[in-house]
Amino acid sequence: MNMTTLIGLINNAALLLALGLLYDTIALRRGGEKTVTQVLTGVLFGAIGLAVMTIPWELMPGVIFDTRSVLLSVGGLFLGPIPTLVAVLMTAAYRFLQGGVGAWTGVGVIVTSGLIGVLWRHFRRGTLEEISALELYIMGIVVHVVMLLRMFTLPNSLAFEVLSSITVPVLLVYPVGTTLLGLLMSSRLVRSQAEEVLRQSEEKFRSIIEQSEDGIFITDEQGRIIAWNRSLEQLTGLPTENMLGQPIWEAQFQMTPADQRTPEVYARLQASLQEFLKTGRSPWSGQLLEHEYLRPDGSRRFVQGIIFPIRTPKGFMLGSITRDLTERRLAEEARRESEAALQSILRAAPIGIGMVTDRVLQFVNDHLCAMLGYTREELIGQSARILYESDEEFERVGRVKYGKIAEQGIGTVETRFRRKDGRVLDILLSSAPLAPGDLSQGVTFTALDITERKQAERAVRQRERQLSAITDNIPGLVSRVDRNLRYLFASCLLYTSDAADEGLGVDLGGRRIIK
């Protein structure tokens, strides 16, 4: 074996690997299947081929060797047909221009090397990121055995001379060069894939941040804001373009209410956030805190937020998620005001008011308690049966009242309640469900004490019965008329066999008092 031949091939292979490293550094970012990107990649790869061909090892005039076969086979394997075709055309044209007895043989080696790489890519299984050194070495053997066979396209006497000189060096150096360049390309694919995964992950992360209804910001390890989403911009009134790159303590100080913006507050804020960025620890880290933001337009927003550390190799970044509580706070205040007004109305109402669920008392107002002689604690949670005069009355009212609610949406019925001291009250009870059609949500009721009215009605009826008994025994007409001379009352003695009530309402102007 000629050591000069071996050293020449090794030097050319070393140049190829160096240029491969350069390609790995400056290669175009993967652009998917875009033809323009693939053509440009082919041009770059072809330029590397031209570079190694400018410093060949010359065996004899017109017969030169270099590592273009390594480059083109690996290019066909990792880059695919279009970039390989571009590189093949560039290197084949250059070899043809170099001329010499081996020009067409050299062109043939270029074509077959690129073709083997492309076919290997097409028929192999698995991803190129996982290709093994053994597979690359085997492909290198195949490519260069074919290259050696191409030497028979030289004149016969020259072919055997060339093969005797280069067979061993080629089979020692070129498959190893193919393996090393292939591993370099494979590692580049792995890094490129990892970069793509990272890029997609960052895009998803940023999309999540931007689409979030919560305000989110993130700082770098120095506390400079690197993310400030749209929701936080709307919440604080501070535009994203103004906040990016600003120290977070400056931003927090801007949102502090004006009456709290003092140099002491700024110093404490800066010191606490810088300590948090240094250690990742703080008394308020990871806790939900409620505070108030002052917007540039002077309006105030009530917010709930959490600040948390993000560990990196350089230290800690700071992240925060903030939720606007202003509407909820205002709604709660309105609800409290409404409840206070309702409680005031219930306390002042001169009527008993309560609520039941499944006929169990859930609420009673002061007037109902006073009316029945119970405390609120004695009634809440008890069956409404405690209010009624008897079990029969409790059942009757339930049937009548809930029947009316089902038909009319409201149920009104007269009943009798028994006080704690045993005294019975006449009650006008009206009930309506909180949610129409759904009694399980509860039923409100009002209880009006009509005992005095009932007593008065009974007294009137009693007096009328007594008066009727007296007048019915007087021999003569005893009557009472209204202003329109219509009978309101008349004794029975002047009537015929018709009932006395038949004469009531007869017009005196008609002079017909008795039928």
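In what follows, the structure referred to is the one given above.
1. Examining the overall build of the chain
- When its secondary structure is counted, the chain shows 16 helices and 14 strands.
- Taking all 515 residues of the chain together, 41% fall into the buried category.
- Surface exposure of the chain reaches about 28,400 Å², of which carbon and sulfur atoms provide 58%.

2. Some words on the packing of aromatic side chains
- Per the counting criterion, the structure on display carries 6 aromatic pairs.
- The cationic tip of Arg329 hangs over the ring face of Phe302; the distance from NZ or CZ to the ring centre is 4.4 Å.

3. Structural notes on the environment of Leu238
- Within the fold, Leu238 resides in the loop between helix H8 (230-236) and helix H9 (240-243).
- In the structure, Leu238 is positioned 58 residues away from Pro296 in sequence and 7.5 Å away in space, judged by C-alpha atoms.
- When neighbours within four sequence positions are excluded, Leu238 is seen to be in contact with Trp228, Glu233, Met243, Gln254, Met255 and Pro296.

4. Thoughts on the sheet that holds strand S6 (residues 300-312)
- Here 5 strands make up an open sheet; going across it, the order is S4-S3-S7-S6-S5 and the pairing antiparallel. Looking at which strands have only one partner, the edges of the open sheet turn out to be strand S4 (225-228) and strand S5 (289-294). Neighbour-to-neighbour, the strand axes of the sheet open up by a mean angle of 30°, direction not taken into account.
- Where strand S3 (residues 215-219) meets strand S7 (residues 315-324), 4 bridges bridge the pair, whose relative direction is antiparallel. Residue pairing in the sheet places Ile216 in a bridge with Ile321 of S7.
- Packing of helix H11 (residues 263-279) onto the sheet brings it into contact with S3, S6 and S7, and relative to S7 it is tilted by some 125°.

5. Focus: the pairing of S6
- Strand direction decides the pairing type here: S5 and S6, joined by 6 bridges, are antiparallel. In the sheet register, Glu292 faces S6, and the bridge partner there is Phe302.
- Hairpin geometry of S5 and S6 is characterised by an intervening segment of 5 residues between the two adjacent antiparallel strands and by a positive phi of about 90° at Gly298.
- Examined bridge by bridge, S6 and S7 share 10 bridges and lie antiparallel to one another. Looking across to S7, one finds that Gly305 is bridged to Thr322.
- Linking two consecutive strands that pair antiparallel, namely S6 and S7, is a turn of 2 residues.

6. Regarding the packing of helix H4 (residues 81-98) against helix H5 (residues 103-123)
- Look at H4 against H5: their axes get within 9 Å of each other, and the N-to-C directions meet at 170°. With respect to their mutual orientation, H4 and H5 come out roughly antiparallel. On H5, the residues touching Pro81, Thr84, Val88, Thr91, Ala92, Arg95 and Phe96 of H4 are Ala103, Trp104, Gly106, Val107, Ile110, Val111, Gly114 and Val118.
- Here the contact of H4 with H5 is composed, by residue class, of 10 nonpolar, 4 polar and 1 charged.

7. Quick look at the pattern of salt bridges
- Throughout the structure, instances matching the rule amount to 23 salt bridges.
- Note that Asp220 and Arg224 form a salt bridge whose closest N and O atoms lie 3.2 Å from each other.
- Taken together, the salt bridges that share partners define one network made up of Glu389, Arg416, Asp426 and Arg458.

Scoring rules and cut-offs
- Residues numbered from 1 in each chain as written.
- Predicted model: local features only at pLDDT ≥ 70, side-chain atom pairs only at ≥ 80, totals over all residues.
- Heavy atoms only, no water.
- Helix = DSSP H or I, 4+ residues; strand = E, 2+ residues; numbered from the N terminus.
- Buried < 20%, exposed > 50% of the residue type's maximum accessible area, 1.4 Å probe, protein only.
- Areas by Shrake-Rupley, 256 points an atom, 1.4 Å probe, with all protein chains shown as cover.
- Phe/Tyr/Trp six-rings, centres within 6.5 Å; stacked < 30°, edge-to-face > 60°.
- Lys NZ or Arg CZ within 6 Å of the ring centre and 35° of its normal.
- Contact = heavy atoms within 4.5 Å.
- Pairing = 2+ DSSP bridges.
- Axes fitted to C-alpha atoms, helices over the stretch in contact; angles between N-to-C directions.
- Parallel < 35°, antiparallel > 145°, perpendicular 65-115°, else oblique.
- Nonpolar A, V, L, I, M, F, W, Y, C, P; charged D, E, K, R; others polar.
- Salt bridge = Lys/Arg side-chain N within 4 Å of Asp/Glu carboxyl O.

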